[in-house]
Amino acid sequence: MTGPAASPASSSDKVTLDIEGMTCASCVLRVEKALKAAPGVESAAVNLATERAEIAGAGLDRDALVKAVEAAGYDVRPQTVALEVGGMTCASCVGRVERALAAVPGVTGASVNLATERAQVTGGVEAQALIRAVEAAGYEARLAPAEGGSSTVQTVARKAEEEAGLKRHLILAALLALPVFVLEMGSHLFPPFHALVMATIGERASWLLQAALTTAVMAGPGWQFYRKGLPVLLRGAPDMNSLVAVGTLAAWGYSLVATFAPGLLPPGTVNVYYEAAAVIVTLILFGRWMEARAKGRTSQAIQRLVGLQPRTARVRREGALREIPVAELRAGDEIELRPGERVPTDAVVTEGTSWIDESMITGEPLPVEKVAGSAVTGGTVNQTGALVLRATAVGQATMLAQIIRMVEEAQGGKLPIQGLVDRVTLWFVPAVMALATLTFLAWLIFGPSPALSFALVNGVAVLIIACPCAMGLATPTSIMVGTGRGADLGILFRRGEALQSLQEVRVVALDKTGTLTEGRPQLTDLSLAPGFDRATVLAAVAAVEAKSEHPIARALVQAAEEEGLTLPQVRGFVSQTGLGVSARGEAGRIVVGADRLMTGRGLDIAPLAAQAQALAEAGKTPLYAAIGDRVAAVLAVADPIKPTTPAAIAALHGLGLKVAMITGDNARTAQAIARQLGIDEVVAEVLPEGKVQAIERLKAAGKLAFVGDGINDAPALAAADVGIAVGTGTDIAIEAADVVLMSGRLTVVPEAIALSRATMANIRQNLFWAFAYNTALIPLAAGALWPAFGILLSPVFAAGAMAMSSVFVLGNALRLKRFAPVTGGAR
């Protein structure tokens, strides 16, 4: 592929490249090394599972990066840029724009559509270079808003095409290799069959037929191994393809000599190994096909998210109802939504009432009521009513697009544990080739007769059985499946590294307001004095409080409204700061406030003092209500604990974690809530900077995760080893966090930690298998069992074991899709 030229990217920018040709972890290291040597690169992370490179730096030049990758022996897939082009009026305009775009260095294709006023440009060019070219031609251009997950759709389609191609190659290779295997191995295993071959076509014809079929296997479906493996071998940077290429070429070349020039071989060594070469290629293709299928399944979570996006929307424009592609939606558009349809984009309800299923975004199973003024999220499902919506965010600005982007970024991340694997695998393939050479020489010098045959078979077996693929896939596939399962559960890892950090957490610190509690005061208790009824007292209290702007007043008014009470008329409203409020109603003076306000007015609070004391000890705020000359009731207003909070704290303790609460609220309220929930440590009455100091102190007990939702939590989220933001919170809190919980359900916190532990355990299992497999089987392939048991490992069996090694790693990673929350989660 020709390296596309580009203008330099903006300073401190990121460039993403899709890499072709990587097969194992050593490939990843070579691409990273090549990219890091390019001008301006500060960091480069390459992911084998996603086949993507993320490069960060200042003044990056995409052309230089592409050339660096190609110089290392790999290819970069051309990207597709969509532009909106203005000012075109006819077909000649289309031609001019296409020619202008095609003239930009690095463009491999340009297609302009007059009807949609869009241009699709293929190549490796930055969008700004294309926009300048269109403007220079006399037209207007801007980057078209992409549909959420469009790159993912392209990736899925490409992987499906790759899988289909491997399947075609596999079928062809199997059809060609089967006669070779039957002719050679059938003769070895079944003497009557050998006699039949000798009596009909003869040994010479059999070998010639095997030579032709094996050559067809290698030059046809197996050509990819030689096209990729031999050039990198010649550059001194062998990879997985190099092992397969050298092993099969050795068996094939030796067999050709035995067939056409047997006199060049020592007596007793004239044998053919065509079946080894043909079957090895077939089995490796089988492994690659299985690997491609499994890789496709690892990205199903993102595919599901992309599938939530409807294709069209019904929009009110210019007095008419029009159905348009979602990509053409604009902020402010009025959208009509019928029952059973998906919400096309983020919006606010302007007309109608309905219930919407948000489970695909938040993980919550129960539908949520939506009325005028309610926000709705693109991709969720309308249940019963018809709604009119006003679009608030479109394209890449929607919640769904941001979720997809976060999951993609997390899946492309590289965990710290991967560093050790990378250092080992960088030297793995060269070491295997050295071991194969030593095996060949040892058998040639010290082996039994015919030594050359034994040396060839065991040397090829060592080359073929080694599997750096399993090492390279062990970590990224588990990350892909783990983060995908997290997205299913409403857990978004903004950075892949958070997966590893979270499983190391020993202390979980939580903010109180909005995290442990609902975040808004509510009437929780109302104890009546003899002779008063609830409805009368609550209506009178709410009538007075309706005149006040205090948060507690709003809670009391809301309680009366929820009970359907009619508020009586009051007059003469008076507010006494720090004490309470009063007004005059039909039954006399109504007073609501603290005990000091009551005693100051000569009212007897003794009959309700015990109830008030109990409420205060429970961390609530007791208020007295008097009607006329009697104290009628004692009320309590508090920020109630979320229903899921007790189960969440119990689950965190069940995971062996210490739980702390950090809050700016008063110590008495905080301690009361802590006693109720069983929280281990409380830090109360602290400002945002005090939260950071508390976190630094709590870190002495081990790595710490902080859970919060407000603007004042952002410093604490950033200071913690792992910051966890409740998705119902502020954008600032979410930006400062490493993990985002899409619902306010606190039980998702232990679920996230349990998922992190399960994912890291899965990675360790994969790495153990990958290293144990190579450590155990390479010596067997070299002939370690021969001296004691007379057993050798056939190259054919070595190929089968190698092919299944990667499949095992991928299959083990896919088990994470069945991860089940232990706290009664939504799904």
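1. Points about the overall build of the protein chain
And step 1. Helices and strands together make up the secondary structure of the protein chain, namely 31 helices and 30 strands.
And step 2. Of the contacts formed within the protein chain by residues at least 6 apart in sequence, a portion of 69% connects residues at least 24 apart.
And step 3. A total accessible area of about 34300 Å² is found for the protein chain, and carbon and sulfur atoms account for 59% of it.

2. What to know about the sheet that holds strand 28 (residues 704-708)
And step 1. In spatial order, the strands read 18-30-29-28-19-26-27; together these 7 strands make up an open sheet with mixed pairing. Of all strands in the sheet, those with a lone pairing partner are strand 18 (491-493) and strand 27 (681-683), marking the two edges. Direction aside, neighbouring strands of the sheet carry axes that sit 20 degrees apart on average.
And step 2. Two elements, strand 26 (residues 658-662) and strand 27, share 3 bridges in a ladder whose sense is parallel. Within strand 27, the position partnered with Ala660 by the bridge is Glu681.
And step 3. On the sheet, helix 26 (residues 688-698) packs against strand 19 (507-511), strand 26, strand 27 and strand 28 and is oriented at approximately 165 degrees with respect to strand 26.

3. Describing the environment of Arg697
And step 1. Note on placement: Arg697 falls in helix 26.
And step 2. With near-sequence residues (within four places) excluded, Arg697 lies in contact with Glu681 and Val683.
And step 3. Here the side chain of Arg697 touches Glu681 through a polar contact of 2.9 Å, side chain to side chain.

4. A closer look at the pattern of salt bridges
Note that side chains of opposite charge can pair when their charged atoms are close.
And step 1. All chains considered together, the criterion is met by 19 salt bridges.
And step 2. Close ionic contact of Glu84 with Arg142 constitutes a salt bridge, the shortest N to O distance being 2.7 Å. Taken together, the positions of Glu84 in strand 5 (residues 79-86) and Arg142 in strand 8 (residues 140-143) put the pair 58 residues apart, joining distant regions of the chain.
And step 3. Classification of Glu84 as buried rests on a relative accessible area of 19%.

5. Details of the pairing of strand 10 (residues 320-325)
And step 1. Bridging between strand 9 (residues 312-317) and strand 10 involves 6 bridges; their strand directions are antiparallel. Following the sheet pairing, Val315 is matched in strand 10 by Arg322.
And step 2. Counting the residues between successive antiparallel strands, the hairpin from strand 9 to strand 10 contains 2 residues, one of them, Glu318, with a positive phi of roughly 55 degrees.

6. What to know about the environment of Val634
And step 1. With respect to the helices and strands, Val634 occurs in strand 25 (residues 630-638).
And step 2. Note on Val634: relative accessible area 0%, which makes it buried.
And step 3. Each C-alpha atom of the pair Val634 and Asp595 lies 9.7 Å from the other, and the pair is 39 residues apart in sequence.

7. As for the side chain of Asn458
And step 1. With respect to the helices, strands and loops of the structure, Asn458 is situated in helix 16 (residues 451-465).
And step 2. Since its relative accessible area comes to 0%, Asn458 is described here as buried.
And step 3. A polar atom in the side chain of Asn458 sits 2.9 Å from the backbone oxygen of Phe454.
And step 4. The contacts of Asn458, once residues within four sequence positions are left out, are Thr439, Trp443, Ala781, Ala782 and Leu792.

8. Some words on the sheet that holds strand 23 (residues 588-593)
And step 1. As summarised here, the arrangement of the 6 strands in space is 20-25-24-23-22-21, forming an open sheet in which the pairing is antiparallel. In this open sheet, the two edge strands, each paired with only one partner strand, are strand 20 (522-528) and strand 21 (571-576). In this sheet, neighbouring strand axes are inclined to one another by 20 degrees on average, regardless of whether the strands run parallel or antiparallel.
And step 2. Pairing of strand 24 (residues 621-627) with strand 25 involves 7 bridges; the strand directions are antiparallel. Note on strand 25: the bridge partner recorded for Thr621 is Val637.

9. Structural notes on the nonpolar core
And step 1. Within the largest apolar cluster, 133 residues are counted, with the highest numbers of intra-cluster contacts made by Leu17 and Leu35.
And step 2. Broken down by element, this core gets its largest block of residues, 13 residues, from helix 29 (residues 748-782).
And step 3. Among the nonpolar cores identified, the runner-up in size contains 26 residues, and Leu538, Val544, Val570 and Val592 belong to it.

10. Let's talk about the packing of helix 29 against helix 31 (residues 795-814)
And step 1. Two elements in contact, helix 29 and helix 31, have axes separated by 9 Å at closest approach and are oriented at 170 degrees. Compared by their axis directions, helix 29 and helix 31 come out roughly antiparallel. Here Asn762, Gln765, Asn766, Trp769, Tyr773 and Leu777 of helix 29 come into contact with helix 31, specifically with Ala798, Ala801, Met802, Ser805, Phe808, Val809, Asn812 and Ala813.
And step 2. For the contact of helix 29 with helix 31, the residue count by class is 9 nonpolar, 5 polar and no charged.

11. A short note on the packing of aromatic side chains
And step 1. What the rule picks out here adds up to 8 aromatic pairs.
And step 2. Aromatic side chains Tyr254 and Tyr273 sit 5.8 Å apart centroid to centroid with 55 degrees between the ring planes, which places their arrangement in the tilted category. With Tyr254 in helix 9 (residues 240-260) and Tyr273 in the loop between helix 9 and helix 10 (274-298), this pair connects stretches of sequence that are 19 residues apart. The pair formed by Tyr254 and Tyr273 is uniform in burial state, with each residue classed as buried.
And step 3. Ring geometry for Trp769 against Tyr773: centres 5.9 Å apart, planes inclined by 35 degrees, an arrangement best described as tilted. Of this pair, Trp769 and Tyr773 both sit in helix 29, separated by 4 residues, roughly a single helical turn.
And step 4. Judged by its relative accessible area of 5%, Tyr773 is buried.
And step 5. Ring-pair connections join several aromatic residues into one group, and the members of that group are Trp443, Phe454 and Trp786.

12. Concerning unusual backbone geometry
And step 1. Cis geometry is adopted by the peptide bond preceding Pro450, which originates at Ser449 and carries an omega value of -5 degrees.
And step 2. Assignment of secondary structure puts Pro450 in the loop between helix 15 (428-446) and helix 16.

13. A short note on a nonpolar patch on the surface
And step 1. Side chains of Leu441, Leu444, Ile445 and Phe446 sit close together on the surface and give an oily, nonpolar patch of about 430 Å² of accessible area.
And step 2. Summarising the element assignment, Ile445 is placed in helix 15.

14. A closer look at helix 23 (residues 606-617)
And step 1. In this model helix 23 runs 17 Å from its N-terminal to its C-terminal C-alpha over 12 residues, within 8% of the 16 Å that 1.5 Å per residue would give.
And step 2. Along helix 23, the residues classified as buried are Leu608, Ala612, Leu615 and Ala616. Summarising the axial view, the buried residues of helix 23 lie within an arc of 95 degrees, below the 170-degree limit, and thus occupy one face. Seen from the buried face of helix 23, the exposed residues on the opposite side, beyond 90 degrees, are Ala606 and Ala610.
And step 3. Its buried side turned inward, helix 23 meets strand 20, strand 24, strand 25 and helix 25 (667-677).

15. With respect to the environment of Pro267
And step 1. One can find Pro267 in the loop between helix 9 and helix 10.
And step 2. Linking Pro267 and Ser449, residues 182 residues apart in sequence, is a C-alpha distance of 9.8 Å.

16. Digging into the side chain of Asn382
And step 1. If you trace the backbone, Asn382 turns up in strand 16 (residues 381-382).
And step 2. Judged by relative accessible area, which is 1%, Asn382 ranks as buried.
And step 3. Side-chain polar atoms of Asn382 contact the side chain of Ser354, separated by 2.5 Å.
And step 4. Apart from residues no more than four positions distant in its own chain, Asn382 is found in contact with Leu337, Arg338, Pro339, Gly340, Glu341, Ser354, Trp355, Ile356 and Leu387.

17. A short note on the confidence of the model for the protein chain
Interpretation of this model should avoid reading the predicted coordinates in detail wherever pLDDT is low.
And step 1. With 90% of its residues at a pLDDT of 70 or more, the protein chain has an overall mean of 83.
And step 2. Counted against residues more than four places away or in other chains, residues 1-11, with its pLDDT under 50, gives 37 contacts.

18. Examining the packing of helix 16 against helix 29
And step 1. In contact at an axis separation of 8 Å, helix 16 and helix 29 are set at 165 degrees when each is read in the N-to-C sense. Our classification of the angle between helix 16 and helix 29 gives roughly antiparallel. Read as a crossing pair, helix 16 and helix 29 show a hand that is right-handed. For the pair helix 16 and helix 29, the contacting residues are Asn458, Ala461, Val462 and Ile465 in the first and Tyr773, Asn774, Leu777, Ile778, Ala781 and Ala782 in the second.
And step 2. Among the residues making up the contact of helix 16 with helix 29, the classes are represented as 8 nonpolar, 2 polar and no charged.

The rules behind each value
- Residues numbered from 1 in each chain as written.
- Predicted model: local features only at pLDDT ≥ 70, side-chain atom pairs only at ≥ 80, totals over all residues.
- Heavy atoms only, no water.
- Helix = DSSP H or I, 4+ residues; strand = E, 2+ residues; numbered from the N terminus.
- Contact = heavy atoms within 4.5 Å.
- Areas by Shrake-Rupley, 256 points an atom, 1.4 Å probe, with all protein chains shown as cover.
- Pairing = 2+ DSSP bridges.
- Axes fitted to C-alpha atoms, helices over the stretch in contact; angles between N-to-C directions.
- Polar contact = N/O pair within 3.5 Å; in protein donor to acceptor, adjacent residues only side chain to side chain.
- Salt bridge = Lys/Arg side-chain N within 4 Å of Asp/Glu carboxyl O.
- Buried < 20%, exposed > 50% of the residue type's maximum accessible area, 1.4 Å probe, protein only.
- Core = buried A, V, L, I, M, F, W, Y, C linked by side-chain atoms within 4.5 Å.
- Parallel < 35°, antiparallel > 145°, perpendicular 65-115°, else oblique.
- Nonpolar A, V, L, I, M, F, W, Y, C, P; charged D, E, K, R; others polar.
- Phe/Tyr/Trp six-rings, centres within 6.5 Å; stacked < 30°, edge-to-face > 60°.
- Patch = residues over 30% accessible without salt bridge, like charges linked within 9 Å, V, L, I, M, F, W, Y side chains within 5 Å.
- Expected span 1.5 Å × (residues − 1).
- Arc of directions from axis to C-beta.
- pLDDT = per-residue confidence, 0-100.
- Left-handed = near helix turned anticlockwise from the far one by under 90°.

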